[in-house]
Amino acid sequence: MRRKRYFASQSPQQNLDSFLDILTNTVGVLMFMSLFITLVAVQSSTIVRTPLAKETDKKPNFFEISGNRVIYLDTKAANQQIKDFLGNLPTCVKPSYISGFVDGYLDELRNYQSCVQNQLQQLKEFRVQTKNYEVELVDLESGSWQYNPKSVNSGESSKELTQVNSEYRTTLSQFAPQKDYLAFLVRPDSFATFRQVREIAWKAGFDVGWEPKTPDSPIIFGSGGRSVGVQ
């Protein structure tokens, strides 16, 4: 009597292996996406974002908020000193060459070059003095001036700001909300003080703009000033 032979099909096992591979890959992708989203969410909580700025015809008046102190830059006084200094520099007239007068032209050219060098040297040595900053030229080509704080104790602390006759409030009284707005350059350690001075500015009727600054980044104004829009 012939025995029947039965052969087990391998297809179901192969299909199950393929399904498990797909399932494993899908779970891996989902875990990666979950981890990525978590990291982005955590990181986003540490990023400082400034609101969108709007255009204005008002003039900015700059303050630095550092070490939980508010410090007035007084760019108006600094710019006036720079203007006066440049106006008092000797005038350097570049000579024009006239055919047949080579020696005279060369003498005038040397005098012109000496005059220009003298101007450059005076610019390098020149320092603007405001109450809280010493200002120096750092880039002649772009006309960039850097504001270096004179002291870590310049300006006012958050406690002093609460006084009715505080220096900050007195400074604001020199401006007109219809013509001026306040621009704050805020260091990472001073956001609490920034919110305090912003609240005072709002109550006085001023528009406010602000820009975050890293702890060590210098404050530099170009020849065209600096732009921090109203927010």
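A brief structural summary. The shown structure was predicted, so the numbers you read here are calculated from the model rather than taken from an experiment.

Analysis parameters
Residues numbered from 1 in each chain as written. Predicted model: local features only at pLDDT ≥ 70, side-chain atom pairs only at ≥ 80, totals over all residues. Heavy atoms only, no water. Helix = DSSP H or I, 4+ residues; strand = E, 2+ residues; numbered from the N terminus. Buried < 20%, exposed > 50% of the residue type's maximum accessible area, 1.4 Å probe, protein only. Areas by Shrake-Rupley, 256 points an atom, 1.4 Å probe, with all protein chains shown as cover. Expected span 1.5 Å × (residues − 1). Contact = heavy atoms within 4.5 Å. Salt bridge = Lys/Arg side-chain N within 4 Å of Asp/Glu carboxyl O. Pairing = 2+ DSSP bridges. Disulfide = S-S within 2.5 Å. Axes fitted to C-alpha atoms, helices over the stretch in contact; angles between N-to-C directions. Phe/Tyr/Trp six-rings, centres within 6.5 Å; stacked < 30°, edge-to-face > 60°. Core = buried A, V, L, I, M, F, W, Y, C linked by side-chain atoms within 4.5 Å.

1. A look at the overall build of the protein chain
At step 1: Assigned secondary structure in the protein chain consists of five helices and nine strands.
At step 2: Along the protein chain, from the amino end to the carboxyl end, the secondary structure elements read α-β-β-α-α-β-β-β-β-α-β-α-β-β.
At step 3: Counting all 231 residues of the protein chain, 29% fall into the buried class.
At step 4: On the protein chain, roughly 16100 Å² of surface is accessible, and the fraction owed to carbon and sulfur atoms is 54%.

2. Considerations on helix H5 (residues 191-203)
At step 1: Compared with the 18 Å implied by 1.5 Å per residue over 13 residues, the 18 Å span of H5 between its first and last C-alpha is a close match.
At step 2: All buried positions along H5 are accounted for by Phe191, Thr193, Phe194, Val197, Ile200 and Ala201.
At step 3: The secondary structure elements touched by the buried residues of H5 are strand S1 (59-66), strand S2 (69-72), helix H4 (167-172), strand S7 (180-186) and strand S8 (207-212).
At step 4: Gly205 lies just past H5 and shows a positive phi near 95°.

3. Examining the pattern of salt bridges
At step 1: Counted according to the given criterion, the structure contains six salt bridges.
At step 2: Here Glu160 ties to Arg69 by a salt bridge, and the two come within 3.8 Å at their closest N and O atoms. In this pair, Glu160 sits in the loop between strand S6 (156-157) and H4 while Arg69 sits in strand S2, placing the two residues 91 residues apart along the sequence.
At step 3: Classification of Glu160 as partly exposed rests on a relative accessible area of 31%.
At step 4: Take Arg69: its relative accessible area is 15%, and that puts it in the buried class.

4. Here's the deal with the pairing of strand S4 (residues 133-139)
At step 1: With three bridges joining them, strand S3 (residues 127-129) and S4 adopt antiparallel strand pairing. Of the residues in S4, the one forming a bridge with Val128 is Val135.
At step 2: The hairpin turn running from S4 into strand S5 (residues 144-149), its antiparallel successor, is four residues long, and Gly143 in that turn takes a positive phi close to 65°.

5. Remarks on the state of the cysteines
At step 1: What the rule picks out here adds up to one disulfide.
At step 2: With a sulfur-sulfur separation of 1.9 Å, Cys92 is cross-linked through a disulfide to Cys115. The disulfide joining Cys92 to Cys115 has a torsion of about -80° about its S-S bond and is therefore left-handed. Of this pair, Cys92 sits in the loop between helix H2 (75-87) and helix H3 (102-125) while Cys115 sits in helix H3, placing them 23 residues apart in sequence.

6. A look at the sheet that holds S3
At step 1: With antiparallel pairing, four strands are arranged side by side in an open sheet as S3-S4-S5-S9. Here the strands that pair on one side only, and so sit at the sheet edges, are S3 and strand S9 (219-221). Direction aside, neighbouring strands of the sheet carry axes that sit 30° apart on average.
At step 2: In this sheet, S5 lies alongside S4 in antiparallel orientation, the contact comprising six bridges. Paired with Leu137 across the bridge in S5 is Trp145.

7. Section: the packing of aromatic side chains
At step 1: Evaluation of the coordinates by the stated rule reveals 12 aromatic pairs.
At step 2: Residues Tyr133 and Tyr147 carry aromatic rings whose centres are separated by 6.0 Å and whose planes lie at 70° to one another, so their mutual orientation is edge-to-face. Remark: Tyr147 occurs in strand S5 and Tyr133 occurs in strand S4; sequence separation between them is 14 residues. Here the two residues Tyr133 and Tyr147 agree in accessibility, since each one is buried.

8. Some remarks on the nonpolar core
At step 1: Membership of the largest hydrophobic core comes to 21 residues, with the highest contact counts inside it found for Leu73 and Tyr147.
At step 2: Secondary structure elements with two or more residues in this core: H2, S4, S5, S7 and S9.
At step 3: In this structure, Ile65, Leu172, Phe191 and Ile200 belong to the second largest nonpolar core, which totals 19 residues.

9. Observations concerning the pairing of S2
At step 1: Of the two faces of S2, the one lined by Arg69 and Ile71 and the one lined by Val70 and Tyr72 are each fully buried.
At step 2: Bridge analysis of S1 against S2 gives four bridges, and the strand direction is antiparallel. Along S2, the bridge assignment pairs Ile65 with Val70.
At step 3: Here S1 hands over to S2 after two residues, with Gly67 in that stretch at a positive phi of 60°.
At step 4: Pairing analysis gives two bridges linking S2 to S6, with the strands arranged antiparallel. For Arg69, the partnering residue across the bridge sits in S6 and is Ser157.

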